[in-house]
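# Geometric and topological summary
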Amino acid sequence: MKHTDNRQDITFMKQNSKTYDIIRYIVLGAAVVVFLVAAGMLIHIFMEYKKGTDIYENISSSVLTPVDKPTGDGTDTSSDEEENLPFVYDHQALLNINSEGQGYLYIPSIDLRLPVVQGTDNEYYLNHTFNKVYNAAGALFIDSRVDKGLGGSNVIIYGHNMKNGSMFAKLAYYKNESFYRQQGNDVFYIYTGDEIREYRIFDAFENDPEGYVYTCNFGTASQLQEYASTVKSYSLYDTGVDVSSATQVVTFSTCTGDGARRIIVQGIYVGSRTDKQTSDN
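Remember, it's a predicted structure, so these values are computed and weren't measured experimentally.

## Structural notes on the overall build of the protein
- Looking only at helices and strands, one finds 5 helices and 10 strands in the protein.
- Burial statistics for the protein: of 281 residues in total, 40% are counted as buried.
- Taking all contacts inside the protein whose residues are at least 6 apart in sequence as the whole, residues at least 24 apart take part in 61%.
- As presented, the protein carries roughly 15300 Å² of accessible surface, and 53% of it is formed by carbon and sulfur atoms.

## Here we look at the environment of serine 222
- Looking at where serine 222 falls in the secondary structure, it is placed in helix H5 (residues 221-232).
- Along the sequence, serine 222 and threonine 247 sit 25 residues apart, while their C-alpha atoms lie 9.1 Å from each other.
- Within the structure, the side chain of serine 222 is placed 3.1 Å from the side chain of threonine 220, a separation counted as a polar contact.

## Considerations on the packing of aromatic side chains
- Applying the stated criterion to the full structure yields 18 aromatic pairs.
- Between tyrosine 180 and tyrosine 237, the ring centres sit 5.6 Å apart and the planes meet at 50°, which makes this aromatic pair tilted. Taken together, the residues span a long stretch of sequence, with tyrosine 180 in helix H4 (residues 177-181) and tyrosine 237 in the loop between H5 and strand E9 (249-255) at a distance of 57 residues. Across this residue pair, the class does not change: tyrosine 180 and tyrosine 237 are buried.

Each value, and the rule that gives it
- In every chain, residue numbers begin from 1 and rise along the written sequence.
- Two thresholds apply to this predicted model, a pLDDT of at least 70 for residue-level local features and 80 or more for giving and counting side-chain atom pairs, whereas whole-chain, interface and lining totals are computed over all residues.
- Side-chain descriptors were evaluated using all non-hydrogen atoms of the structure, hydrogens and water having been removed beforehand.
- We count a stretch as a helix when DSSP gives it H or I for four or more residues in a row; a strand needs E for two or more, and each element gets its number in order from the N terminus.
- Per-residue accessibility, obtained with a 1.4 Å probe over protein chains only, is compared with the maximum for each type, and a residue is labelled buried under 20%, exposed over 50%, and partly exposed between these values.
- Throughout, a residue-residue contact means that at least one pair of heavy atoms, one from each residue, lies within 4.5 Å.
- In short, Shrake-Rupley with a 1.4 Å probe defines the accessible areas, and a residue's cover is counted only from the protein chains shown.
- Here a polar contact is recorded for every N or O atom pair within 3.5 Å, except that within protein the pair must consist of a potential hydrogen donor and a potential acceptor, and residues adjacent in sequence are included only if both atoms are side-chain atoms.
- A pair of Phe, Tyr and Trp rings is counted when the ring centres sit within 6.5 Å of each other, with Trp represented by its six-membered ring. The angle between the planes then sorts it: under 30 degrees is stacked, over 60 is edge-to-face, the rest tilted.

By themselves, these are just geometric observations and shouldn't be taken as functional.
Right under this line is the structure:
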């Protein structure tokens, strides 16, 4: 009887071993499938990022021509202002790519150089690049409600907070006061036509996706100035910028990491000039 029981035990153990092997192979197979799916998704995301980056690099090469930087040997006579504007801008070239183009945004502190567009709604350019190619990067676009485009009283510009640091992702740096306080980090420029417009950043904060911040088309200067004073009070730190005589505000808006809030950075217009570096071709 003991001999028979032993054979039954061995048979039972072999059957269990086969069952365990099958389960192990199923689990291993499932893990491989999950890995391959995840790897495929990562590759797709990477390729999407690269495609978006390549698109904007190609647009830049068509619209912007680099200006030689000062040599530092004392022979260069360029002003500090000119050193901050390191490229020649061709507005017609921008319009040749997209007739809805408004201009080119340059934020030196985060080395952002991107075209700005305004469409007929606030949906299309969420997932289409400036040259109208479907891509998750989308474009920097002016709120469709804003009258006069870059000439509006409050020019609201939206852009994605991309995980690869592109588009408006680096606006988050402005939540840190020490970053803002670094020399030159309080200014940005918008190129349009043959004009360079200079702006000074006066606040940075987080806000809900809707509300007073997104008010536009002010009827009078006093209404705009009241708006600028109010939103300045929302700032994470006091920039010390006087907005009592504001004639135009530019509002940058992008998602936070969780998407529930928005990072807001705003600047007031401080002056413009006909750009001798802008291409007339």
